[in-house]
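Given next are the chains, with one letter for each unit.
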Amino acid sequence: MRIGFNFTLGATAPMVRRLIAAGRIDYVELLVDNFLAVPPAQIAAAFDAPVGLHIMFSKFMERPEAELDELAMRLTAIIRETRPIYVSDHIARFTHRGRHLLHLAEIDYPGAFERVADRVARWQDRLGCTIAFENYPSIMDGGRDAPDFFRRLTARTGCTVLFDVSNAVCATHNCGLPFEAWTEVIRSARQFHVAGYDHSVGQPPIVLDTHDRALAADTRAALALCRALVTDPEATITYERDDDLDEDRIIADIDTLRAVMGREPAHV
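What counts and what doesn't
- Residues numbered from 1 in each chain as written.
- Predicted model: local features only at pLDDT ≥ 70, side-chain atom pairs only at ≥ 80, totals over all residues.
- Heavy atoms only, no water.
- Helix = DSSP H or I, 4+ residues; strand = E, 2+ residues; numbered from the N terminus.
- Expected span 1.5 Å × (residues − 1).
- Buried < 20%, exposed > 50% of the residue type's maximum accessible area, 1.4 Å probe, protein only.
- Arc of directions from axis to C-beta.
- Contact = heavy atoms within 4.5 Å.
- Phe/Tyr/Trp six-rings, centres within 6.5 Å; stacked < 30°, edge-to-face > 60°.
- Salt bridge = Lys/Arg side-chain N within 4 Å of Asp/Glu carboxyl O.

A few words on unusual backbone geometry. Residue Q203 is joined to P204 through a cis peptide bond whose omega torsion reads -5°. Here K59, not a glycine, exhibits a phi torsion of approximately 50°, which is positive. Within the secondary structure layout, K59 lies in the loop between β3 (51–54) and α3 (65–82). The residue H211 is not glycine, and still its phi comes out positive at about 60°. Looking at where H211 falls in the secondary structure, it is placed in the loop between β11 (207–208) and α8 (217–229).

Shown next, in the form of structure tokens:
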């Protein structure tokens, strides 16, 4: 399995290049929303490594058609230039009754399936590629419907799943969804995310995918199950870190990830 690191802000570019040069990562995942104003050729030349493109705010289920067309035009230009190893996006709600939410919200999986399937198919057509959609770090009991939703969605639309291991661990803590409920989805997935999590300060406390600390013991156990289920050597797993960007601690966690996923550190 190939190991990658997420690149969200320009300030971390020197560190990411050192990770590539040392052989600690095999590719870079770009949070492409942050770089839509950058010329595609400049994005393609940024790193001496393959890239994956991760879309955060397409809002493809809510955005007006004309805006989606404009966004798709920008994204397809970047896709053509960078030739990414995958393109991924999110299935979530960003508004409620016209009001923008501070945090993206989970959908009603059974009730929204037909509409989401239609929008997914049209979004893939616009971008001209298969999209891997990320599972949500569920908070409410409705999250227990997520594995079946993704099984149906991939069968209906031909999309794939970007399986976020730590999001699934969060769902286990928050709504009691067993990690093993994702087994069929994990077998079919080829793109993965993983990160550290933390507990909220509000009450009742929930577990949040915070991207700000080392991998927890139960996350490492979940990774071991994924390793047993995924045999494709070209599958990818991106280590996400957006805070506490201490390079030594990040390297230690990436090396741990390689060890858990069955590959020795490749650094020199």
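What follows concerns helix α5 (residues 146–157). Taking 1.5 Å per residue as the helical rise, α5 with its 12 residues ought to reach 16 Å, and the 16 Å between its terminal C-alpha atoms agrees with that figure. Those residues of α5 that fall on the buried side of the exposure criterion are A146, P147, F149, F150, L153 and T157. Each buried residue of α5 sits inside an arc of 155° when the element is viewed along its axis, so together they form one side. If you follow the buried residues of α5, they end up packed against α4 (109–127), β7 (132–134), β8 (160–164) and α7 (183–188). Immediately beyond the C-terminal end of α5, within one or two residues, lies G158, with a positive phi of roughly 80°.

The next thing to look at is the packing of aromatic side chains. Throughout the structure, instances matching the rule amount to 14 aromatic pairs. Here the aromatic rings of F149 and F150 are separated by 5.4 Å at their centres, their planes lie at 90°, and the arrangement is edge-to-face. Each member of the pair, F149 together with F150, is buried. Residues F150 and W182 carry aromatic rings whose centres are separated by 6.2 Å and whose planes lie at 50° to one another, so their mutual orientation is tilted.

This paragraph deals with the pattern of salt bridges. This model, assessed by the stated rule, comprises 19 salt bridges. The residue R258 makes a salt bridge to D26 at a minimum N-O spacing of 3.1 Å. With a gap of 232 residues between them, R258 in helix α9 (residues 247–260) and D26 in the loop between α1 (13–21) and β2 (27–31) connect regions that are remote in the sequence. Of the charged contacts, one joins R249 and D244 as a salt bridge, the two residues approaching to 2.7 Å between their closest N and O atoms.

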